[in-house]
Structure formats: C-alpha cells, structure tokens
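Listed below, chain by chain, are the residues.
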Amino acid sequence: SEIAKLVAQEVGKVLMEAGGDVQEAIDMAQYISGLGRSAIGEMYPSELQNKMCWTTRQPVGVVGLITPWNFPVAVPSWKVFPALLEGNGIVLKPSELSPACAVAFIDALFEAGIPADLVAVVHGGADVGAAITTHPGIGALSFTGSVATGRRVGSAAMETGPRLVSLELGGKNAMVVLPDADLDLATDGAIFGAFGTAGQRCTSTSRLIVHRDISDELIQKIGDRTKSLVVGDPLDPSVDVGPVINPSTILRLDRYVEHAIGSGAELIAGGGQLIISDCPDGTFYAPTVLHRVKPYFEIASEEIFGPVLSVIEIDSLDEAIEVVNQVEYGLSTSVYTSNITAAISSTDQIDTGIVYINAPTIGAEIHLPFGGTKHTGNGFREAGTRGLEQFSEIKVVYVDYSGRLQRAQIDNRPQVDSEPSRSDWK
C-alpha cells in the first residue's frame, strides 16, 4: 500500500490502478520464482544410436533495463525477475519521471534477500540510457518506450554489439464493435480501455471502430459515461481519472484534438485541459471522445498517449479489420460480438500480438507472453515463459555415449565397419 501511494503521487495513477501496478509486480515475482523449478531446455531424439541431444540456456552476464514511467513498478518487475532467474546481474535505468518508484521497488527486493551487488539502479535521461545501450559489458538490453526512441536504442545497441536487444514499443489499439455486440459491455470496455491511467498505457483503447448500424446508440452511451467521469487528485478514492504526466502532454493532446476537429471530426465530450480546484497546478486533461474520425486522420494513426478516444464508423467486419491493420503498430485489439464465427475468424486476420474478444484492449496476464507485431516490437515477448528468452542464450548439447572411439583405442586398432551405414556417412 505504501508503494501504491507512491505510484499515485509520482505518476498520477488513481489509487486502484496504482495498487494494480504493484500487485502485478507481486504476481510476477511469484510466477517467475515458480519457473525456477520448470524446464529451461528441451530433450530431442538423435538421428544416431547411443547419442543424446538437448538444449539449455546460459546467462549473458549483465543486462541493461530501460523502463517507462507509466508502469513504474510492474514493467521493471517484468524484466528484473526473469533476468535474475536466468543468472544475470542488472543495471536498471527507470524513467526520469518516476525515479522514486524504482528505488522503492529495488529496495523491496534487497529487503527480500536479493544480493545488493546483483542490481544497480542509475538515474538520468537520454545520456544515461545511451551509456547503458552501448556499454561493452552489457550482454542484453531490454527497452520499453516509444517507437522513435526504441529505434535509436536498437540501432545503437547493435552497432556496438553483438548483444540481445528486446524492444517493447508503442500501440494504436482498436476496439471493434459489431451490430450483435452487447452495447453495455462494449461501453464499459471503451471507458476503461480509453481512460484508465488517463489513456497513458501502451495498450490503451485509442480507436473505437464501430458498425454504422449501432454507432449512434453506442456513441450516446459512451459520451454520457465519459462526461460523468470524475477527474482529479489520484489519491482521492472517488476519482476515476488522474492527471496526465506533464504539461507538454497537454499541449500535444490539444494539437491532435484541434487538428482532428479541423479535419472534420465532431467533439462528443471533453476536448481540453481541466483546472481542478483542489489541485490547481495539476496537469489534467478532460476525457475526450471524437466522432466522425476518418482512418487517414493523424489522430487515427499516431500514438497520442492520452485520454482521447477516436470513433471510426465501418460497414462490415472486413472493413473493420482493414482499418485495424492499416496502422504501423500491432499491439492489442478487441472485438465485441456475440457471433462465434466472427470472433474466431477475426483473431486469425487481425495483425496484433494480443486479441481480446468481448473485453477491452488492456489487461494482460503475467503468465502469457506480452508484445506486438510490426513497429510495436522486434519479436521478443515479455512475461510468461517467453519472457526468459531475452535474458539468456540458447545452447545445444550433443553427447555420444557409444564409446566406439574409446574401445578402438583400447584395442589398439582402428575400428572399421564392414559395411558403412547411412549414419556413418553423416
């Protein structure tokens, strides 16, 4: 509860979400520690008799971890615990916007018995991140952040490598709502997906792709709910939405919203900064819903990282999937429908790493791999058993226990088969 309060104070999450951030780290610790008794390799049959083959994983030495501010405890836990289990030391650079949360997390690890010389925390901005990225002593690098920064990190790391480089980047997540969907359920999902953490999640619902036949009814429901959300002090349990991270975010959101309205979008709710009397210096942005957004609008294709939901109307599931897939990101998508055929077929066609059916685009579980396609990442996954792969190298082991060479040496004569077999040719 102490760390949850610190999360609320430092990054503005409401208390319930801040507690969820911390609970996810607790769950990850329990899950990864359990994997210490799980298989870390695989046994394979050999082509030859009297031969064994298996794989194992080797630590890389020291890993560099660069983590974001929006999940200041959960995301470090996704990286720290697997890296430790795989036998590595750690250099962690948290976001300069959430240093206190990182220190509290690491202090808790030390209190729990993690040797202090296994984890080092360094603070700073891009210069510190660059030093970690290119340091010859770093055997693996795991980065979570924006696409632009991730590209620079990945390029610099490989130029001075070789090293393992895992990039978890942005998202432009969509919720598809078909005519047979439960609209009350879809409304709940849209509100929580778009405005939880003030829209500052890589999995936040940024696009609502709704069938034209039900768009008016659904938009009315979502608009009414949006206007009723309480924005304010994240330490107040009655508050639904806290602040965005800093003043520059306000300016960026205003630019996107104004550009969309100038391009023909209709403002349904929100649309600007809020001044909260109890927090006069807080950076609050009204939860915003925009209707009549076109797929080619800037706001419909770029990650904006704030409490803004863009509504795009479509006429079919095929058109919806086309709109979902046209952006450069591929993290998370949700589909609301009561048609099992539409639900399952859409999971095959949607090009994202995560697909939800009748649930919002947020809410990943720690025992399943997390990550995306296209510019959202570079192929690695975090969490689940796959989360171990970015912190270790695979090794293949062959053991020939036939003893043929030893017997030949003992007999002091060459061993020659009268008729070579196909295995002997190999």
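The shown structure was predicted, so the numbers you read here are calculated from the model rather than taken from an experiment.

(A) Spatial organisation of the overall build of the protein chain. The helix and strand tally for the protein chain stands at 13 helices and 19 strands. With respect to the principal axes defined by its C-alpha atoms, the protein chain has extents near 90 × 50 × 35 Å. A total of 426 residues make up the protein chain; the buried ones form 51% of that total. Sequence-distant contacts in the protein chain: of pairs separated by 6 or more residues, those separated by 24 or more amount to 71%. Accessible surface, the protein chain: about 19600 Å² in total, of which carbon and sulfur atoms supply 54%. Looking at charge distribution, the protein chain has the averaged site of its 30 positive side-chain charges lying 7 Å from that of its 52 negative ones.

(B) Here's a closer look at the pattern of salt bridges. All told, the structure shown has 12 salt bridges when counted by the stated rule. The partner of Lys 221 in a salt bridge is Asp 184, with the nearest N and O atoms 2.9 Å apart. Placement of the pair is Lys 221 in helix α8 (residues 215-228) and Asp 184 in helix α7 (residues 183-195), with a sequence separation of 37 residues. What you see here is one network of salt bridges that share partners, running through Arg 212, Glu 313 and Asp 315.

(C) Region of the structure containing a nonpolar patch on the surface. A contiguous nonpolar surface patch, about 320 Å² in accessible area, is contributed by Met 43, Met 52 and Tyr 401. Among the structural elements, Met 52 can be located in strand β2 (residues 51-59). Met 52 gets classed as partly exposed once you look at its relative accessible area, which sits at 32%.

(D) Representation of the pairing of strand β13 (residues 288-291). With burial as the criterion, each face of β13 is covered, one bearing Thr 288 and Leu 290 and the other bearing Val 289 and His 291. Bridge analysis of β13 against strand β14 (residues 308-314) gives 3 bridges, and the strand direction is parallel. For Val 289, the partnering residue across the bridge sits in β14 and is Leu 309.

(E) Structural context of the sheet that holds strand β4 (residues 89-93). The parallel open sheet is built from 5 strands, whose spatial order is β5-β4-β3-β6-β7. Among the strands making up the open sheet, the edge pair consists of β5 (119-121) and β7 (164-168). Ignoring strand direction, the axes of neighbouring strands in this sheet form an average angle of 15°. By the bridge criterion, 3 bridges tie β4 to β5 in an arrangement that is parallel. If you follow Ile 90 over to β5, its bridge partner there is Val 119. Packed on one face of the sheet, helix α5 (residues 126-134) meets β3 (62-66), β4 and β6 (140-144) and runs near 155° to β4.

(F) Fine view of the packing of helix α1 (residues 2-11) against helix α4 (residues 99-112). Contact pair α1 / α4: the axes reach a minimum separation of 9 Å and the direction vectors enclose 165°. As summarised for this structure, α1 and α4 are arranged roughly antiparallel, according to the angle between their axes. The crossing of α1 and α4 is left-handed. In this structure, α1 uses Ile 3, Leu 6, Val 7 and Glu 10 to contact α4, whose residues at the interface are Pro 99, Ala 100, Cys 101 and Ala 104. Considered class by class, the residues forming the contact of α1 with α4 number 7 nonpolar, no polar and 1 charged.

(G) α7, seen in detail. Look at α7: 18 Å from first C-alpha to last across 13 residues, which is about the 18 Å you get at 1.5 Å a residue. Those residues of α7 that fall on the buried side of the exposure criterion are Leu 183, Ala 186, Thr 187, Gly 189, Ala 190, Ile 191, Gly 193, Ala 194 and Phe 195. Those residues of α7 that are buried lie in contact with β8 (173-177), β9 (205-211), α8, β13, β14 and β16 (332-336). Between the side-chain oxygen of the N-cap and the backbone nitrogen of Asp 184 there are 3.1 Å, and the N-cap of α7 in question is Asp 182. Thr 197 lies just past α7 and shows a positive phi near 55°.

(H) Representation of the pairing of β6 in the model. Of all 5 residues in β6, 5 are buried; the element is thus mostly enclosed. Where burial is concerned, the two faces of β6 agree: the one with Ala 140, Ser 142 and Thr 144 and the one with Leu 141 and Phe 143 are both buried. Pairing analysis gives 4 bridges linking β3 to β6, with the strands arranged parallel. When the bridges of β6 are listed, Val 63 appears paired with Ala 140. Two elements, β6 and β7, share 5 bridges in a ladder whose sense is parallel. Each residue of the ladder has a partner; that of Leu 141, found in β7, is Val 165.

Quick notes on the rules
- Residues numbered from 1 in each chain as written.
- Predicted model: local features only at pLDDT ≥ 70, side-chain atom pairs only at ≥ 80, totals over all residues.
- Heavy atoms only, no water.
- Helix = DSSP H or I, 4+ residues; strand = E, 2+ residues; numbered from the N terminus.
- Buried < 20%, exposed > 50% of the residue type's maximum accessible area, 1.4 Å probe, protein only.
- Contact = heavy atoms within 4.5 Å.
- Areas by Shrake-Rupley, 256 points an atom, 1.4 Å probe, with all protein chains shown as cover.
- Lys, Arg positive; Asp, Glu negative; His and termini not counted.
- Charge placed at Lys NZ, Arg CZ, Asp CG, Glu CD.
- Salt bridge = Lys/Arg side-chain N within 4 Å of Asp/Glu carboxyl O.
- Patch = residues over 30% accessible without salt bridge, like charges linked within 9 Å, V, L, I, M, F, W, Y side chains within 5 Å.
- Pairing = 2+ DSSP bridges.
- Axes fitted to C-alpha atoms, helices over the stretch in contact; angles between N-to-C directions.
- Parallel < 35°, antiparallel > 145°, perpendicular 65-115°, else oblique.
- Left-handed = near helix turned anticlockwise from the far one by under 90°.
- Nonpolar A, V, L, I, M, F, W, Y, C, P; charged D, E, K, R; others polar.
- Expected span 1.5 Å × (residues − 1).
- Polar contact = N/O pair within 3.5 Å; in protein donor to acceptor, adjacent residues only side chain to side chain.

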